[in-house]
Amino acid sequence: MSKRRVAITGMGALSALGATTRELWDGLLANRSGVQRVQRLVDSGITVTTGGEVQAVSAQNVDRDHEIANRAIEDALIESKRDATECGFIWSTGLDTFQMDANGFVHRSAGVCFSNLSSRFSGPRRMIAAACASGTQAIGEAFRLIQNGRAEACVAGGSSVMLTPFYLIGFAGLQVVAVDNGSDPAMACRPFDKRRKGFALADGAGATVLETLEGARKRGADVFAEVIGFGMSQDGFDLNRPCDDGAGAELCIRRALADAQLSADEIDAVNAHATATYSGDLAEAVALRKVLVNNWRTVPVSGSKGAIGHAMAAAGVLEAIVAAKTCVTGIVPPTVNLDQVGEGCELDHVIREPRDTGAETVLSVSFGMGGQNAAIILTRHKEAQEEQK
Amino acid sequence: MVFLIATAVKSELPSVRESAPDLWRRVRRYNLPVQLALAAADEVMRFAEDTSIAAVISLAPCQPGSEDLYRWGNVVTAGMASGSLGNLRMNPTQTLHAVDNLALSAFAIAHRNHAYCLGLGGAAGQAWCGLEAVCERFEAGEENEALLMAGDQDAAEDGARGLGVALLFSARARPYSSLGRTVCLRSVTRNTQRASGVVPHAANGLAAFLSAINDGCKSYAVPPEHTDGVSGVTINLEIS
C-alpha cells in the first residue's frame, strides 16, 4: 500500500501567551514572554516562583488537567470541522498532577485523565509517555497511523499541569529550572543565550487534527500544513543529560529527513527544543550544525520556550503549531529572551524580530529527559494556497 | 510475521538482588515498577539476536511513583502548612520516580539501544496498543526484533507489591522458549464492546495473556478488567 499524505486541518493551543493559537503566534511575533511571577508560588514560600501559567483556567480548579486539555482538543476539532467519533486520539497527559488545595495534595492520575479524554474518540487511543518529547512523538505516531492506513484522522497532542510546588521543587533539584530573575521574571528562560540558566516550567496544552490529505480535500477542509517526516531515537547515554556531541538528537533528525525523503538543505527553518539548559542547548546546537552542514549559518532557528516556558508533554505540539504557522506564513518568529548567543550555541538564530523568509518546510524537534528524541517535518501545502488565491 | 520468542514475568526483587547483582546495581535506585520491568526485560533479551537494535515499546505504570515520592509529597504538604517550603530540597532520585519513560530510557542506556522506541502511558488498556504497535512495526517491515515491557505496582504509596512483564518478538520463526513451539502473533482485533470494572494496571493484563498462551490458547479475548473500557480486544495466535 502506498503511503498516504497527511495534513494538519485543526489546531488548538493554551499557553502562557493565551488561550488560542492566534495569541500564541501573535505573542511570539511580538517577541513577548508570557512567563511571569506566579503569586500563589510566591505565597507558598518556594524559591522558584516564575512560570508559564495558563490564565484561562483557574489554578484553583482541581479539574485543571482535564480542562486545559479539553479546551485545546475542542478548538482543534472545531477548526477542522471534525467530530471526535471520527478520530483516533494520540495524546500525552504527561505526569500525574499534584495540585494543592486547602487540605494538601490532590493527586490526579495522568492515566485516568487520558482515559477520560479518550473515551469519546473512535480509536486508536494511545497515550504517549516520552517526557518532553511526548507532544512531538504523538504527532509523529498519529502521522504514521494515518499514512499507513490504520486511521483516517487523529487528534494528536499533549497537555501538562506542572506549575505546582511538587514539580517546581523536584525540577529545581535537577538544576534545570531557572530561578527568579530579579525584577524581570519574563526574562527567566533564555534559550541559547550566554546567560541561560534553565527553563521556566509551564502549564499548557496543544492539539492538532491530522487526517489524510485526500480526505481533507474531499471535505473542503483548510489545510495548514502537511506532515511529511517523522523520526525518533534514544540517546542511550544518561538519564539527566544529553551526550555532548548531540548524537541522539542528530540521529533522530536524520531519521526524520530520511522519512521525508529530504536532504538537509531542503529545510527552510527549524523550531528548536531550546530549553535554555546549559548542556541541552549546547548538544542541540551541535546536532543542528552537524545535520545542516554548510547551511547552519543561513537556516533560521527559533525556539518558543523563552516565551511560553516548558510545558513538558504539551511543549512539542505547541512548537509544532508554531512550525505550522511558519509553513503557512513564511515567517519565523524570534527566540524570545535570546540576546547574546552563548559559546557553542552558534546557529542562525532569529533574534528580537520575526524574519519573513518565505520558509515552507520546517523541522520541529523535541529532546526529552532520559534521552528520548523526536522530530517532525512540516511543509506548506501549496495546492491549498493556490486554491485560496 | 510476528513470532513470540521469549517472555518473563517478575514479581519479586529479592531474587533479582541475589541472582543478578549487576542488574540490581543498575536498577536499585528506580521505583518498583521500573525495577520489575527491567528485570523481566533483561531476562528475555538473552534470547535476542542484538539488544542494541531491537525496537523497544515500554508501558509506563498506571500507579507511578514510589513510597519515597509519596512520603516526600507529605513533607511538601507539611511545609506548605508551616510556610517553610523555601528550605525544602528533593532528592533527584525521587524525581526520577515520577518520570513516565524511566524504564524505556534506562533500558536504552544499559543496552546502548538507539532503535525505534515508543513509550506508552499509564492508562488502562495501553498494553494492547503496545501489542498493536509491535504488529504494525513488523508488518511495515521496519523491525527484526522488538521488546514489549511493562511494570506496575498495586499501590505506589507503599510499593509493596508489583509485577514486571516482558515479551520478545522476532520476524524470524523460532520456538517460543516457554512452550518449545512456534507462536505466531496473527492479529489484534477490536470491537466496540464497552466494559465496566476496568482495573488500570500496565502489567497484569499481559501476564494473564501469557498464562493463556502457555495453556495453548489461540484466540485470547482480553477480560473486560484489562481493557480500556471503550473497546473489546481479541488476540489471535497460531501455535505450531
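Computed from a prediction, not measured in an experiment: that's the story for all the values here. (Residues numbered from 1 in each chain as written. Chains lettered and ligands numbered in written order. Predicted model: local features only at pLDDT ≥ 70, side-chain atom pairs only at ≥ 80, totals over all residues.)

**As for the sheet that holds strand S3 (residues 117-120) of chain B**
Residues and elements named next belong to chain B. With mixed pairing, eight strands are arranged side by side in an open sheet as S3-S2-S4-S5-S1-S6-S8-S7. Two strands close off the open sheet at either side, each with one partner strand: S3 and strand S7 (219-221). Between one strand axis and the next, the sheet turns by 25° as a mean value, whatever way the strands run. Seen against the sheet, helix H6 (residues 102-111) touches strand S2 (55-59), S3 and strand S4 (145-153) and runs at an angle of roughly 150° to S2. Running over the sheet, helix H8 (residues 204-214) touches strand S1 (3-10), S4, strand S5 (162-170), strand S6 (183-191), S7 and strand S8 (232-239) and is turned about 55° from S5. (Pairing = 2+ DSSP bridges. Helix = DSSP H or I, 4+ residues; strand = E, 2+ residues; numbered from the N terminus. Axes fitted to C-alpha atoms, helices over the stretch in contact; angles between N-to-C directions. Contact = placed C-beta atoms within 7 Å.)

**Side note on the sheet that holds strand S9 (residues 204-212) of chain A**
All names here are of chain A. Read from one edge to the other, the open sheet built from 11 strands follows the order S7-S4-S8-S9-S1-S10-S17-S16-S11-S12-S14, with strand pairing classed as mixed. On the outer flanks of this sheet lie strand S7 (125-127) and strand S14 (348-349), each paired with one strand and no other. Here three bridges tie strand S1 (residues 6-14) to strand S10 (residues 225-234), and the two strands are oriented antiparallel to one another. In the sheet register, Ala7 faces S10, and the bridge partner there is Glu226. Sheet strands touched by helix H3 (residues 64-80): S1, strand S8 (153-160) and S9. Its angle to S1, the strand with the most contacts, is close to 140°. In the packing of helix H4 (residues 110-118) onto the sheet, the strands contacted are strand S4 (88-92) and S7, and the crossing angle to S4 comes to about 155°.

**Considerations on the interface of chain B and chain A**
Each partner contributes residues to the interface: chain B has 47 residues there, and chain A has 48 residues. Within the residue set of the side of chain B that touches chain A, elements represented by two or more residues are helix H4 (67-82), helix H5 (92-96), H6, S3 and helix H7 (126-139) of chain B. Sorting elements by how many residues they give to the side of chain B that touches chain A places H6 of chain B first, with five residues.

**With respect to the domain arrangement of chain A**
Residues and elements named next belong to chain A. Under the domain assignment, chain A is made up of domain 1 (7-219) and domain 2 (229-381). The straight-line distance from the C-alpha centre of domain 1 to that of domain 2 is 18 Å. Listed by partner, the interface residues are 63 residues for domain 1 and 60 residues for domain 2. Of all the elements, helix H5 (residues 134-147) adds the most residues to the side of domain 1 that touches domain 2, at nine residues. For the side of domain 1 that touches domain 2, a count of residues per class yields 32 nonpolar, 24 polar and seven charged. (Domains from an automatic or database assignment. Nonpolar A, V, L, I, M, F, W, Y, C, P; charged D, E, K, R; others polar.)

**Considering the nonpolar core**
In terms of nonpolar packing, the biggest core is built from 228 residues, with Cys154, Val155, Leu210 and Ala324 of chain A together with Leu147 and Ala166 of chain B touching the most fellow members. For this core, the leading source of residues is helix H11 (residues 315-329) of chain A, giving 10 residues. Apart from residues no more than four positions distant in its own chain, Val155 of chain A is found in contact with Ile73, Ala76, Leu77, Cys87, Phe89, Phe121, Ala207 and Val209 of chain A. (Core = buried A, V, L, I, M, F, W, Y, C linked by C-beta atoms within 7 Å. Buried ≥ 20, exposed ≤ 12 C-beta atoms within 10 Å, placed from the backbone.)

**A short note on H11 of chain A**
Residues and elements named next belong to chain A. Between its terminal C-alpha atoms H11 stretches 21 Å, which fits the 21 Å expected from 15 residues at 1.5 Å a residue. Of all 15 residues making up H11, 14 are buried, and the element is well covered by its neighbours. Looking at the residues trailing H11, positive phi occurs at Gly330, about 80°. (Expected span 1.5 Å × (residues − 1).)

**As for the environment of Phe107 of chain B**
Residues and elements named next belong to chain B. Along the polypeptide, Phe107 turns up in helix H6. Phe107 sits 56 residues away from Thr51 along the chain, and the two C-alpha atoms are 9.8 Å apart. Not counting residues up to four positions away in its chain, the partners in contact with Phe107 are Leu38, Ala41, Val56, Ser58 and Asn113.

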